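Single-letter residue listing:
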Amino acid sequence: MKKFICLILIIAFSIPLAFAGGSGERNKIVIYTSMYEEIIEIVNNELQKKFPRYNIEFVYGGTGRLQHRIATEQASGRLGCDIVMLAEPAYSLELKERGLLHPYISREASNLAFDYDPQGYWYPVRINNMVLAFNPQRYSRSAVPNSFNYLVNDANVRGAFSMRNPNISGTTMATLTALRDRYGYEYIDALARQNIQIEYGSFEAVRKLETGEYRVIMVLEETILQKREQENSNLEVIYPTDGTVMIPSTIMIINNRWSAGRNAKAAEEVVDWFLSEEGQNAIVSGWMHSVRKDFPRIPYGARPTNEIRANSIPVNWDNNIRHRDEILSRFESRR
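Residues numbered from 1 in each chain as written. Predicted model: local features only at pLDDT ≥ 70, side-chain atom pairs only at ≥ 80, totals over all residues. Heavy atoms only, no water.

A. Summary view of the pairing of strand E7 (residues 216–220). Counting buried positions over the five residues of E7 gives five, a clear majority of the element. The alternating pattern of E7 places Val216, Met218 and Leu220 and Ile217 and Val219 on opposite faces, both of which are buried. As paired strands, strand E4 (residues 123–134) and E7 are joined by four bridges and run antiparallel to one another. By the bridge assignment for E7, Val131 is matched with Val219. When strand E5 (residues 161–164) meets E7, the two strands line up parallel, connected through two bridges. When the sheet's bridge partners are listed, Phe161 is paired in E7 with Val216. (Buried < 20%, exposed > 50% of the residue type's maximum accessible area, 1.4 Å probe, protein only. Helix = DSSP H or I, 4+ residues; strand = E, 2+ residues; numbered from the N terminus. Pairing = 2+ DSSP bridges.)

Structure below.
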């Protein structure tokens, strides 16, 4: 299955953009997503069972890379996808403004616990939580920061902690926005003074946490939960005392003017499935939290969703759009 997904990725990124001008396959649905490939496998298996009449393909990439791809394809006249599932709502607001999205009031909308577009242009589909993590086999819990604020004020972790590149990772960009809103630009300056290390992938950061090169990392909760369940890892999640950054990742349908398959009705069925109990079970099996009200399951080893939500740092999505370049510029200039 990994080879299958990688093949899709290679093909999708190598086909000339001119292909998008064709009429498309009416039974084919292409989904651009930033979900990890291991999670795509879980979701894809369930989708194939539910919709055997559709040829559903996932194209995986980081949020920044897929945003660039969509912009390039828009300039060519047609996108190569029918559904987009990226890291956070800010980009959904952008695509809606650019006229690329198809409005659809899902039959599951009333069951959602998180905000969605009132006209149905986008919905939350999974909850990513930005947390801290450490290796208790290398350092004691008392020897690592227990909050985002302490992270930039603890001399013991200077040069020995990491985060993903916010130019590529939408969840990291959202976290930077939330922390800037909470603590001001001083927080971004403090990250630089602490000599934060930037990793392009979470798994390299996890490897260095395991070896002891890093004392602590800023990482998505799902990355650590997956390691704990699949590999019996001793790595532990730290839910920051000043609040976890909860990031509702969204799902959007591309309208028939721009979509690859020009089959928004089929895409509506897929969106309904993602938001249903069945679809959310697949999401939770992928170590992410459900967006449904009072959903009975939580990811393996996670705190209850409502408990995390009760102590979370909100993200102002308008700020994430309007101040993105300013925040990134400040971040890069201080490194």
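B. Highlighting the environment of Asn281. Along the chain, Asn281 turns up in helix H11 (residues 277–285). Under the relative-accessibility criterion, Asn281 is labelled partly exposed at 29%. Separated by 238 residues in sequence, Asn281 and Val43 have C-alpha atoms that sit 9.3 Å apart. With sequence-adjacent residues up to four places away left out, Asn281 is seen in contact with Phe295 and Arg297. (Contact = heavy atoms within 4.5 Å.)

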